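Observations on the three-dimensional arrangement
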Amino acid sequence: MLLNILTRPQQNLKHILIQSFYLPCFLIPTMPYRRLLRWITGLFRLKKSIKIGIYGPPNSGKTSLANRIIADFVGSGEWKVSPIPHETRRVQSMREVVLRSGGKTLTIDLFDMPGITTRDELHSDYFDEFILSGMNEDEAKKRLDEATEGIKEAVSHMRRIDGAVVVLDSTKNPYNRVNALLLGVLRANNVKVIVAANKIDLSEADAGKVRRALHKYPVVEISCTDGTNMEKLYESIIEHMHGK
Ligand SMILES: Nc1nc2c(ncn2[C@@H]2O[C@H](COP(=O)(O)OP(=O)(O)OP(=O)(O)O)[C@@H](O)[C@H]2O)c(=O)[nH]1
Ligand SMILES: [Mg+2]
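Below is a short write-up of the structure. As the structure is a prediction and not an experimental result, all values here were calculated from the model.

Conventions used here
Residues numbered from 1 in each chain as written. Chains lettered and ligands numbered in written order. Predicted model: local features only at pLDDT ≥ 70, side-chain atom pairs only at ≥ 80, totals over all residues. Core = buried A, V, L, I, M, F, W, Y, C linked by C-beta atoms within 7 Å. Buried ≥ 20, exposed ≤ 12 C-beta atoms within 10 Å, placed from the backbone. Helix = DSSP H or I, 4+ residues; strand = E, 2+ residues; numbered from the N terminus. Contact = placed C-beta atoms within 7 Å. Pairing = 2+ DSSP bridges. Axes fitted to C-alpha atoms, helices over the stretch in contact; angles between N-to-C directions.

Overview of the nonpolar core
Residues Ile52, Val165, Ala196 and Ala197 are the most contacted members of the largest nonpolar core, which totals 45 residues. Top element by residues in this core is strand β4 (residues 163-169). It accounts for five residues. In this structure, Ile52 is in contact with Ile108, Leu110, Phe111, Ile161, Asp162, Gly163, Ala164, Val165 and Met241, ignoring residues within four places of it in sequence.

What follows is the structure in structure tokens.
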């Protein structure tokens, strides 16, 4: 046999190719029905989940939103939330979360991103906030370094995601450099954007201002604390996010 392969390589290569082409056909009748169906659909399924990142400035409620989504559609698992900015300093993800709304579904890979800010803001305003929250200088510097890495990681993910929910704190002025930069980079990467104007439960919230500032995008006014309009947000995500 070995001698045969060595002496007539071309003929035998053809034989091997034909065999490997027909091999799956011989396997089919022996596979259980359900596995067979999964195998066939798997062959045609080019992309299973839509990758959605939750972006926004620090402390706007990104992780609170991720936790709501997880609680509503997965049921267990929770990420850490804190009033101190830059709590999330590594990208956190949950795969294959099935969103359901109005009889429609969308399977997403969910990414909770570190808060985006500029270097200047990080080294002045946020550093001061770390100190005011009770951290000593070393702890504050460590958090600052980790936050810097987190921002880099969040920005590098923009190339890999299909859609973004940009969470803004409605009590804050939406007209600022960070929001403009964030939305500009997402647009440059062809990422579909929905804006969630969060914290509308607070009396000082002005979601109308967020809506006016970001009129080019679908804006949903929400509260992650009391769950206002979460259903509307899910509906909007399912309607607008269909991959790149
Ligand atoms: N009143 C109110 N507070 C909220 C709401 N959503 C989040 N918060 C609070 O805002 C703070 C920040 O929430 P996070 O979910 O940690 O915000 P984040 O955007 O993930 O923050 P970083 O990870 O630091 O960027 C926490 O104290 C939350 O309890 C909301 O809808 N209403
Ligand atoms: Mg967070």
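Considerations on the sheet that holds strand β2 (residues 92-101)
Spatial strand order, β2-β3-β1-β4-β5-β6: six strands in an open sheet with mixed pairing. Edge positions in the open sheet fall to β2 and β6 (219-221), since each of these has one partner strand only. Here the strands of the sheet are splayed against their neighbours by 30 degrees on average, with no regard to which way each runs. Seen against the sheet, helix α7 (residues 177-188) touches β1 (50-55), β4 and β5 (192-198) and runs at an angle of roughly 175 degrees to β4. Sitting on the sheet, helix α9 (residues 230-240) is in contact with β2, β3 (104-112), β4, β5 and β6, with an inclination near 100 degrees to β2.

A short note on unusual backbone geometry
For Asn190, which is not glycine, the phi dihedral falls at a positive 60 degrees. With respect to the helices, strands and loops of the structure, Asn190 is situated in the loop between α7 and β5. Despite not being glycine, Asn229 shows a phi value in the positive range, around 65 degrees. Position of Asn229 among the secondary structure elements: in the loop between β6 and α9. Of the residues examined, Asn229 has 19 C-beta atoms within 10 Å and is grouped as partly exposed.

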